[in-house]
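Results of the structural survey
Below, each chain spelled out in residue letters.
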Amino acid sequence: MATTIQNFFTRAAEKQFSRDFLFRVRQIDLVGGVSFNGDEDLVYARAAVLPGRVIENQTVNYYGQEFQLPGRATYENAAGYAIEFYHDEDCELRTKFEAASRAVFNNETSTGQYGMPGDESVINLVQIDKQLNDVRNIELVGASIRSIGDVSYNIADGTGEVVDFEVTFAYHFYRDFS
């Protein structure tokens, strides 16, 4: 069957399109018992990305032929997965992220929980539909905090714009619970 504009229209009306705001950061559980609940804390999540997944290619040569075989799975941004957050006026969200960072490594004591994070350390991401129902549930496994970005203030020329900051995490892999 040839693709026509009518076929496209019919399929698009039937399936609809995902929109750039139909996404939530539902839960973050980090080492040291620091937890962020999306129904309470993460209402301030401004932007995040649904991570990609790559199957690496392995080439096998035999008798002058090249055979392409699937190899291991990798996650391109697993070492630097960033989420942008609106900065709340009372600094509660950023303070919790700073506590999570200090739980990993505390400068004052040179101690922390900087071992390999396991199944208990996760970030739960949810794609939602227009009625705010879950469509797809992704869990980043082995999540740990890496950096808390600066907050920029424009004191002299400020217009009252809402400020935000970025938090970068690392993770091992993701699970799809759809």
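Higher on the page you've got the structure.
Rules used in this analysis
- Residues numbered from 1 in each chain as written.
- Predicted model: local features only at pLDDT ≥ 70, side-chain atom pairs only at ≥ 80, totals over all residues.
- Heavy atoms only, no water.
- Helix = DSSP H or I, 4+ residues; strand = E, 2+ residues; numbered from the N terminus.
- 1 Å grid on protein atoms, 1.4 Å probe; cavity = no way out; pocket = protein on both sides within 12 Å on 5 of 7 lines; lining within 4 Å.
- Points joined across faces, edges and corners; volume = space filled by probe spheres on them.
- Nonpolar A, V, L, I, M, F, W, Y, C, P; charged D, E, K, R; others polar.
- Core = buried A, V, L, I, M, F, W, Y, C linked by side-chain atoms within 4.5 Å.
- Buried < 20%, exposed > 50% of the residue type's maximum accessible area, 1.4 Å probe, protein only.
- Contact = heavy atoms within 4.5 Å.
- Pairing = 2+ DSSP bridges.
- Axes fitted to C-alpha atoms, helices over the stretch in contact; angles between N-to-C directions.

On to unusual backbone geometry, then. The phi dihedral of Tyr63 falls on the positive side, at around 50 degrees, and the residue is not glycine. Within the secondary structure layout, Tyr63 lies in the loop between strand E4 (54-62) and strand E5 (65-74). Residue Cys91 is not a glycine yet carries a positive backbone phi of 60 degrees. Mapped onto the fold, Cys91 is located in the loop between strand E6 (81-86) and helix H2 (92-104).

When its volume is computed, the largest pocket comes out at roughly 270 Å³. Every residue lining the largest pocket is counted, 13 residues in all, and those nearest its centre are Phe23, Arg24, Val25, Ala45 and Arg46. Secondary-structure elements contributing two or more residues to the lining of the largest pocket are strand E1 (23-30) and strand E3 (45-47). When the residues that make up the lining of the largest pocket are grouped by side-chain class, the tally is nine nonpolar, one polar and three charged. Size it by volume and the second largest pocket reaches roughly 220 Å³. Partitioned by chemical class, the residues of the lining of the second largest pocket number four nonpolar, five polar and three charged.

Core analysis: the biggest nonpolar cluster contains 29 residues, and Ile28, Phe85, Phe97, Ile123 and Phe169 have the highest contact counts within it. Every element with two or more residues in this core is listed here: E1, strand E2 (34-37), E6, H2, strand E7 (122-128), strand E8 (134-141) and strand E10 (164-170). Considering each element in turn, this core owes the most residues, four residues, to H2. With near-sequence residues (within four places) excluded, Phe97 lies in contact with Ile28, Phe36, Phe85, Ile145, Ile148, Phe165, Val167 and Phe169.

Further remarks concern the sheet that holds E2. The sheet built from five strands is open, its strands ordered E2-E1-E7-E8-E11 with antiparallel pairing. The outermost strands of the open sheet, each flanked by one partner alone, are E2 and strand E11 (173-176). This sheet shows a mean twist of 20 degrees between the axes of neighbouring strands, independent of strand direction. Pairing analysis gives six bridges linking E1 to E7, with the strands arranged antiparallel.

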